[in-house]
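Chains, contacts and geometry: an overview
Here is how the chains run, residue by residue.
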Amino acid sequence: MDTPQTAAFPWLTVLILVPLVAAIILAFTKSLHRQAKAYGVIVSVLVLIGAVVAFASEFDAASAGTVQLAETYSWIPSIGVSIAWGANGMSAVMIGLSVLLVPLVILTADSDRYLRPHEAESGRRDAGYVTWVLALESVMIAIFAAQDVFLFYVLFEAMLIPVYFLIGNYGGPNRKAAALKFLLYSLAGGLIMLVGVVAVYVAGPGGPEGFLIANLAGAVTGSETAQMLMFLSFFIAFAVKAPMFPVHTWLPDTTEQAPAGTSALLVGVLDKVGTYGMIALCLPLFPGAIQSAGTVIMVLALVSIIWGGFMAIASRDLMRLIAFTSVSHFGFMVMGIFSGSETAMTGAILYMVAHGVGTAALFLVVGYLAKRGGSQLVTGYGGWQRVTPLLAGTFLIAGLATLSLPGLSGFVPEFMVLVGTFEVSKVIAGIAVIGVILAALYILLPYQRVFTGPRPAIQVPDLTGAEKTVAGVLVAAMLALGFFPGPIIELVEPVAQQSVAFVSETISAAPALIEGNLA
């Protein structure tokens, strides 16, 4: 793999530290508490601007397959641990997604019914929520920039802390149970991965920088069984995070109780750590195991696509419905990653971005709806398009994006995944098309029940100014990804090409990961 290109200025360190330091200042400065929302928006917008400047000025899109903006600092050299940051094209788009969504979530935090504070404690409550969101932003940027396996693991576990408090302190009536279930599932996956992290260092080249991904790629030795066990330790943790069937059950319970903004960040960004890790760690570290496990994983991905679709159709809680649609969509991503096709993997990475935008929009809009109607249940509504046309329109556009309507964000990545998978296995690709049909049902039926019909006997305001801003930005992003996906594809395609080529070269006996197994 290419040598990381050292940064002239520590941009990634700055982007990581700014929201973290801002969160600490807000937590301990009572005079800022009543301006917490404005403070959070300003800080997160500055981080967004900083990210744009950093990548526009120092990131070479022509070399997007190479890790750039690299920084390496010795941390615990005796066991090979470094603080190493860097970004290739995939890292860049995921960091971009993170810094885009955070200010939008903070801007309309008070539009979530679970964040309606008591008058006497409004400042403290707002400050607590914004503090944890800013801390989470720091961790999100860091984990997508991490170039050391041990550092990645530490961040993988660290991101549980802000999410746990965002759910447990600010969620619905069963928030404590949901937060605990999220924590237990995530900790279990993390502990399994820890075994693999230790094994990778033992089986790798070692030395003071023995955990650097660049040093471990293609250098992890061991028998076929040992390679498979190490791979599974990472894959299981990522499958829980993604989430994939059958380790997905924490997600619907979590999103049902979490604030809408928390769900938008959790499913829109953090769950992508699972699919991101499969590409950034599993493929370069365990290419031999990929060949053996690829077919089984694609079948599991196929089950996730179908299962998630049917469960979404059966859901009556809108937040649970969106969660199950995500189980289905993550199935498409994982299928593309392990197909062995450059086209499908490029589509899978693009899918991560498109799904993040569309699903975040759905969660936030349902939060706006529930704040007005007092319920997340489909049965609690009817005819709301007549009283909240902008809210209804935003829901419909986001829903159509998730069901991959041409011209919106979901179409190109899903098409690429299916086309690339078809080149490898016509059977799997053919069955996966059922997921596209199910998507039309689980989006259009709820829209019909919630927003169409006679005018309801209720007067509620449509989207506020801040909510219109958020909706406008997300709709614009969905349209941009639908009509002009080229710039993102140019950033992520070299990563897909390099990943597939690296695996193919390492296991030269097989021209593709699983080519022909199910053709």
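Below: a short report on this structure. Only a predicted model underlies this, so the values are computations on that prediction, with no experimental measurement involved.

Quick notes on the rules
Residues numbered from 1 in each chain as written. Predicted model: local features only at pLDDT ≥ 70, side-chain atom pairs only at ≥ 80, totals over all residues. Heavy atoms only, no water. Pairing = 2+ DSSP bridges. Helix = DSSP H or I, 4+ residues; strand = E, 2+ residues; numbered from the N terminus. Buried < 20%, exposed > 50% of the residue type's maximum accessible area, 1.4 Å probe, protein only. Contact = heavy atoms within 4.5 Å. Salt bridge = Lys/Arg side-chain N within 4 Å of Asp/Glu carboxyl O. Phe/Tyr/Trp six-rings, centres within 6.5 Å; stacked < 30°, edge-to-face > 60°. Lys NZ or Arg CZ within 6 Å of the ring centre and 35° of its normal.

Looking now at the pairing of strand β1 (residues 68-76). Pairing between β1 and strand β2 (residues 81-87): six bridges, direction antiparallel. Its bridge partner lying in β2, Gln68 is registered against Ala87. The loop that links β1 with its antiparallel partner β2 comprises four residues; one of these, Gly80, has a positive phi angle of about 80 degrees.

Along the chain, Cys282 falls in helix α12 (residues 272-285). On the basis of relative accessibility, which here comes to 0%, the residue Cys282 falls in the buried class. Sequence separation between Cys282 and Phe231 is 51 residues, and the spatial gap between their C-alpha atoms is 6.5 Å. Setting aside residues no more than four positions away along its own chain, Cys282 makes contact with Phe231, Phe234, Phe235, Phe238, Gly277, Pro287 and Ile290.

Before going further, it helps to examine the pattern of salt bridges. Enumeration according to the criterion identifies five salt bridges in this entry. In this structure, Asp253 and Arg320 form a salt bridge, with 2.7 Å as the shortest nitrogen-oxygen distance. Here Asp253, found in helix α10 (residues 250-257), pairs with Arg320, found in helix α14 (residues 318-337); they are 67 residues apart in sequence, far enough to count as distant. Between Glu256 and Arg320 there is a salt bridge, with the nearest N and O atoms lying 3.0 Å from each other. A residue pair is termed long-range when its members are at least 10 positions apart, and Glu256 in helix α10 and Arg320 in helix α14 qualify at 64 residues. On the accessibility criterion, Arg320 (22% relative accessible area) is partly exposed. Three or more residues are tied together by salt bridges with common partners; here these are Lys181, Asp253, Glu256 and Arg320.

Let us look at the packing of aromatic side chains. The final tally for this structure, using the stated rule, is 27 aromatic pairs. With a centroid separation of 6.0 Å and 90 degrees between ring planes, the pair formed by Phe152 and Phe238 is classed as edge-to-face. On the criterion of sequence distance, the pair formed by Phe152 in helix α5 (residues 149-158) and Phe238 in helix α9 (residues 224-241) is long-range, its members being 86 residues apart. Taken individually, Phe152 and Phe238 each receive the classification buried, so the pair is uniform in this respect. Residues Phe235 and Phe338 carry aromatic rings whose centres are separated by 5.8 Å and whose planes lie at 90 degrees to one another, so their mutual orientation is edge-to-face. With Phe235 in helix α9 and Phe338 in the loop between α14 and α15 (342-373), this residue pair connects regions lying 103 residues apart in the sequence. Looking at Phe235, the relative accessible area reads 6%, which means it is buried. By the ring-pair criterion, three or more aromatic residues cluster together here, those being Phe152, Phe156, Phe231, Phe234, Phe235, Phe238, Phe286 and Phe338. The ring of Phe156 is capped by Lys241, whose NZ or CZ atom sits 5.6 Å from the centre of that ring. Against the face of Phe422 rests Lys426, its NZ or CZ located 5.4 Å from the ring centre.

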